[in-house]
Amino acid sequence: MKLGGVSRVLLIEDDPAVREGLELALSRHGHGVRAVESGEQGLERLRTDLPDVVVLDLMLPGMDGFEVCRRIRAAGEVPIIMLTARGDDIDVVAGLEAGADDYVVKPVRPRVLEARIRAVLRRIGREQAELERHGELTIDRAALVVSRRGVPVGLAPTELRLLLELSGTPGRVHSRQQLLESVWEHDYFGDSRLVDACVQRLRAKIEDDSAAPVYVQTVRGFGYRFGPV
Amino acid sequence: MTPRPSLGLRARLSSAFALLCVVTAAAVAGGIYVQARTAILQRTQDAAVQAMTSRLQTLYPLRNPAPGPAELGEIAGAVTDQYSSAVALYREAHSPVGPPPGRWRPGGNVAFLDPGLIPAGLRRAVAEGEIAWQRVVWRGEPILIIGTPLLITEPDRTTRASGIEVYLARDLSPEQHSIDGLAARAWLTGGAALAFAVVLASLATRGVLRPVRELGRAARLLGEGELRTRIEVRGSDELAEVARTFNDTAAELERHVRQLREMEADARRFVADVSHELRTPLAALAAVADVLDEEAAGLPEPAGRAARLVSQETLSLTVLVNDLIEISRFDSGVAALALNEVDVAELVRATLRARGWSQQVRTELPDAVTARLDPRRVDVILANLVGNALRHGEPPVSVRLRADSHRITLEVRDHGPGLDEAVLPHVFERFYKASAARARSEGSGLGLAIARENARLHRGDLTVANAPEGGAVFTLRLPRRAHDPDGGSE
């Protein structure tokens, strides 16, 4: 995670004009942009360049965006922002399930994309705090490490932020709108499926049984709450 | 209430059949009855007269031109048989009344003819030397009374009346029974024919009415949009011809409608395809539009102005293409609700806040009104309505929330002159322009159409009216529990 200075963006986009336009715009905002045209190239660059964030078009020739997304997620916890076509709801859901942290709709204004990149890269405030224990879950807010039965759990930045946000006030219900604003820095009308997809991924990592969650519980019709454990 | 046409047709057909049958039966049976009755009576009468005259022949020559009762009794006895009785009269004398000796055999229903029963008219005719007869009813039984004068033949072969009159009463009951039997049979035949006619009529009406009713049902279904409705064609009569015509018409209609729908679907698909195709170049344009915009200040004129124009129009084009894609999603039925329990007042405030309108818009938002809605779609509707009010109306613009147990109502109002009455019905149409002169840059022309589609997706509605005290009022009504086909998000 790059803090303060230049962040490295890996842009995977097959259309040359869009690729060049976004590269131009993001570079102007001070990002170091590496633009590639296929998923295979992107995965290669991921290993060599160690980007801070990946901007990934879902419609790619060869290996499709979902597969690329899954492989990036399997390789590490780098934040992923999808570029999707408007109206392709199924793509959005599938992309979020494949592990993407956020998405933007094409045609996208660079300002919007820039804001999303900044949001996923935002430093998570490290706090001087005791280790929190919630059942078998240990949350270290200073080291930003979450352990389950003593074993560290690999969480993507958005998943970690969501868990920290929810566990900060155990038992309190957070609406999807509130979570979108606090975790994703979207406005009130963001896509609540982002929250739902992220909760699913988080549960798969920290719960014994995702269908009967103990830590991240659903309050039907209202949102989510942490515990009480 | 107007009677059902099928009842009218049935009644008309049945009564026509029945009437026809009754008239025919009455004419035939009545004619036969009258003729048969006349023939029977005539034959009986003739036979009786014949028998009587031939029996009287045996009396000649008369021995005594002025007979007493005993001789008159003999005369009467000569013409009496088992079906009749006779009386002979001469002046004031007459034969004895009662069963005659010898030939009388009991069993026949014979009246013993009393001279008093003989009608005066008959007697006058007989007195004038004629053989005459008349039917009379005696004790409820019809009898034929035949009267004849006895003639005396002089040696010079001329004849003169002897003054003796013989009357014979012939019982007509057997004939009456035959005639009654005939009449009864005529009635029976008529009744049977009537019953047969009614059955026939009902069969005929059913035969006519069933296809007619079927036709009516099929036409109704067709009218309700069930274009695949067809009728089974039976036989080859006029009704079958009507059914065939109906089927042909329905098939033709179905073909036309299918063609129209295909054309419409093609047109919509074309719009969707074009929009999608536009998206990629537009994505590249949009990516650099911000760069141009930011650099425009540093560029010499007219390059700076050109850069700003390109940037600005790229944004308009982006809005238009996004709106086209959005509306084609409604058209193809893939638009879906992402429902969430939201505080409606908070939602309205967030919409205004996100666009910097909080200070410009008056709000009347009661707290604690929650509803299950798609917040993003409601935001799209509200942003469009408030944006329009701020652009086209006069301040103050207000948003008012009301709620009952089933739905929420949001009213967006301005205090301008309102909308032209002619415009009101069309404001939700796609690309509707209130006047040709209106500037193009005010939006995609799809904003209100999309707003209404969003309201309807919630099973709500969006309407517009002019307030009595001026200004346009857009009213958004949404159910508090929008229909949620797959349970929605948790």
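Cut-offs used in this document
Numbers given for residues are sequential positions, taken from 1 along each chain in its written order. The order in which chains are written sets their letters, starting at A; the order in which ligands are written sets their numbers, starting at 1. Where totals are concerned, whole chains, interfaces and linings use all residues; where local detail is concerned, this predicted model gives features only for residues with pLDDT of at least 70, and gives and counts side-chain atom pairs only at 80 or more. Only DSSP runs of H or I with at least four residues qualify as helices, and only runs of E with at least two residues qualify as strands; both kinds are numbered from the N terminus onward. Every C-beta atom is placed from the backbone, and the number of other C-beta atoms within 10 Å of a residue's own sets its class: buried at 20 or more, exposed at 12 or fewer, partly exposed in between. Residue pairs are scored as contacts if the distance between their C-beta atoms, which are placed from the backbone, is within 7 Å. Confidence of the predictor at the level of single residues is captured by pLDDT, which takes values from 0 to 100. Any two strands with at least two DSSP-identified bridges between them are counted as paired. Axes here mean lines fitted to C-alpha atoms, for a helix over just the part in contact, with angles spanning 0 to 180 degrees between N-to-C directions. An angle below 35 degrees is treated as roughly parallel, one above 145 as roughly antiparallel, one from 65 to 115 as roughly perpendicular, and anything else as oblique. Under the scheme applied, nonpolar residues are Ala, Val, Leu, Ile, Met, Phe, Trp, Tyr, Cys and Pro; charged residues are Asp, Glu, Lys and Arg; polar residues are all the others, including Gly. Only buried Ala, Val, Leu, Ile, Met, Phe, Trp, Tyr and Cys residues enter a nonpolar core, and they are joined through C-beta atoms within 7 Å. UniProt positions are given in the numbering used here, feature names are shortened, and annotations may be inferred rather than shown by experiment. Two helices that cross are described as forming a left-handed crossing if the nearer one is turned anticlockwise from the farther one by less than a right angle, and a right-handed crossing if clockwise.

Draft legend 1. Representation of the overall build of chain B within the structure. What chain B contains, in helices and strands, is 9 helices and 12 strands. Within chain B, the proportion of its 490 residues that are buried is 27%. A sequence separation of at least 24 residues applies to 65% of the contacts in chain B between residues at least 6 apart.

Draft legend 2. Focus on the overall build of chain A. A tally of regular secondary structure across chain A gives 8 helices and 12 strands. Here the analysis covers contacts within chain A between residues at least 6 apart in sequence; of these, 56% occur between residues at least 24 apart.

Draft legend 3. Quick peek at the confidence of the model for chain B. Residue and element names in this part refer to chain B. A residue-level look at chain B finds 90% of positions with pLDDT of 70 or above and a mean pLDDT of 81. For residues 437-441, every residue scores under 50 in pLDDT, and the model assigns this stretch 2 contacts once sequence neighbours within four places are set aside. Scoring of the predicted complex yields 0.63 for pTM and 0.76 for ipTM.

Draft legend 4. Quick look at the sheet that holds strand S7 (residues 137-140) of chain A. Residues and elements named next belong to chain A. Strand order in this open sheet of 4 strands is S6-S7-S8-S9, and the pairing throughout is antiparallel. Of all strands in the sheet, those bounded by a partner on one side alone are strand S6 (132-134) and strand S9 (151-152). As paired strands, strand S8 (residues 145-148) and S9 are joined by 2 bridges and run antiparallel to one another. In the strand pairing of S9, Ser 147 is matched with Pro 152.

Draft legend 5. Summary view of the packing of helix H4 (residues 173-223) of chain B against helix H5 (residues 238-296) of chain B. Residue and element names in this part refer to chain B. Interhelical geometry of H4 versus H5 gives an angle of 10 degrees and a closest axis separation of 10 Å. On the basis of the axis angle, H4 is roughly parallel to H5. Residue-level inspection shows Val 208, Pro 211, Leu 215, Ala 218 and Leu 222 of H4 in contact with H5, the latter providing Leu 239, Val 242, Ala 243, Phe 246 and Ala 250. Tallied by class, residues from the contact of H4 with H5 come to 10 nonpolar, no polar and no charged.

Draft legend 6. Summary view of the environment of B:Gly73. All names here are of chain B. Looking at the element boundaries, Gly 73 is found in helix H2 (residues 69-79). In this structure, the C-alpha to C-alpha distance between Gly 73 and Ser 95, residues 22 residues apart in sequence, is 4.2 Å. With residues near it in sequence (within four places) discarded, Gly 73 still touches Ser 95 and Pro 96.

Draft legend 7. Fine view of unusual backbone geometry. Cis geometry is adopted by the peptide bond preceding A:Pro107, which originates at A:Lys106 and carries an omega value of -5 degrees. Cis geometry is adopted by the peptide bond preceding B:Pro302, which originates at B:Glu301 and carries an omega value of 5 degrees. Assignment of secondary structure puts B:Pro302 in the loop between H5 and helix H6 (303-332). Phi is positive for A:Leu144, which is not a glycine, with a value near 55 degrees. Summarising the element assignment, A:Leu144 is placed in the loop between S7 and S8. Looking at A:Leu144, the number of C-beta atoms within 10 Å reads 18, which means it is partly exposed. In this structure, B:Arg459 takes a positive phi of about 65 degrees despite not being glycine. Checked against the element boundaries, B:Arg459 lands in the loop between helix H9 (447-457) and strand S11 (461-466). With 14 C-beta atoms packed within 10 Å, B:Arg459 lands in the partly exposed category.

Draft legend 8. Structural detail: the pairing of strand S10 (residues 407-413) of chain B. Residues and elements named next belong to chain B. Sheet topology places strand S9 (residues 397-403) next to S10; 6 bridges connect them, and they run antiparallel. Among the inter-strand pairings, Arg 402 is bridged to a residue of S10, identified as Thr 409. Linking two consecutive strands that pair antiparallel, namely S9 and S10, is a turn of 3 residues. Where S10 lies against strand S12 (residues 472-479), 7 bridges are found, and the strand directions are antiparallel. Residue Thr 409 lies in a different strand from S12, and its bridge partner there is Arg 477.

Draft legend 9. Here's a closer look at the sheet that holds strand S5 (residues 102-106) of chain A. All names here are of chain A. With parallel pairing, the 5 strands of this open sheet are ordered in space as S2-S1-S3-S4-S5. Looking at strand neighbours, the two that pair on one side only are strand S2 (32-36) and S5, the edges of this open sheet. In this sheet, adjacent strand axes meet at a mean angle of 20 degrees when their direction is disregarded. With 5 bridges connecting them, strand S4 (residues 80-85) and S5 associate as parallel partners. Counted as the bridge partner of Ala 85 is Lys 106 from S5. Packed onto the sheet, helix H1 (residues 16-28) meets strand S1 (8-12) and S2 and runs at close to 170 degrees relative to S2.

Draft legend 10. Structural detail: the nonpolar core. With 110 residues, the main nonpolar core has A:Val54, A:Val55, A:Leu56 and A:Ile80 as its most contacted residues. If sequence neighbours within four positions are ignored, A:Val55 has contacts with A:Val9, A:Leu11, A:Ile81, A:Leu83 and A:Leu113. Core analysis: the next-biggest nonpolar cluster, separate from the first, contains 27 residues, B:Ala86, B:Ala88, B:Trp133 and B:Val166 among them.

Draft legend 11. How the structure looks around the UniProt feature "coiled-coil region" (unreviewed entry) in chain B. Here, the residues flagged by UniProt with the feature "coiled-coil region" (unreviewed entry) are residues 243-273 of chain B. Annotated as 100% helix and 0% strand, the span residues 243-273 of chain B places its first and last C-alpha atoms 44 Å apart.

Draft legend 12. Seen up close, the interface of chain B and chain A. The partner chain A presents 31 residues to the 28 residues of chain B that form the contact. The set of elements that each furnish at least two residues to the side of chain B that touches chain A consists of H5, H6, strand S6 (340-343), helix H7 (344-354) and helix H8 (375-392) of chain B. Broken down by element, the side of chain B that touches chain A gets its largest block of residues, 12 residues, from H5(B). Partitioning the side of chain B that touches chain A into residue classes produces 14 nonpolar, 6 polar and 8 charged.

Draft legend 13. Geometry of the packing of H8(B) against H9(B). All names here are of chain B. Direction vectors running N to C along H8 and H9 enclose 145 degrees, while the axes themselves pass 9 Å from each other. Crossing hand, H8 versus H9: left-handed. Every residue of H9 that contacts H8 at Arg 377, Val 380, Ile 381, Asn 384 and Leu 385 is listed here: Gly 447, Leu 448, Ile 450, Ala 451, Asn 454, Ala 455 and Leu 457. Of the residues in the contact of H8 with H9, the class split is 8 nonpolar, 3 polar and 1 charged.

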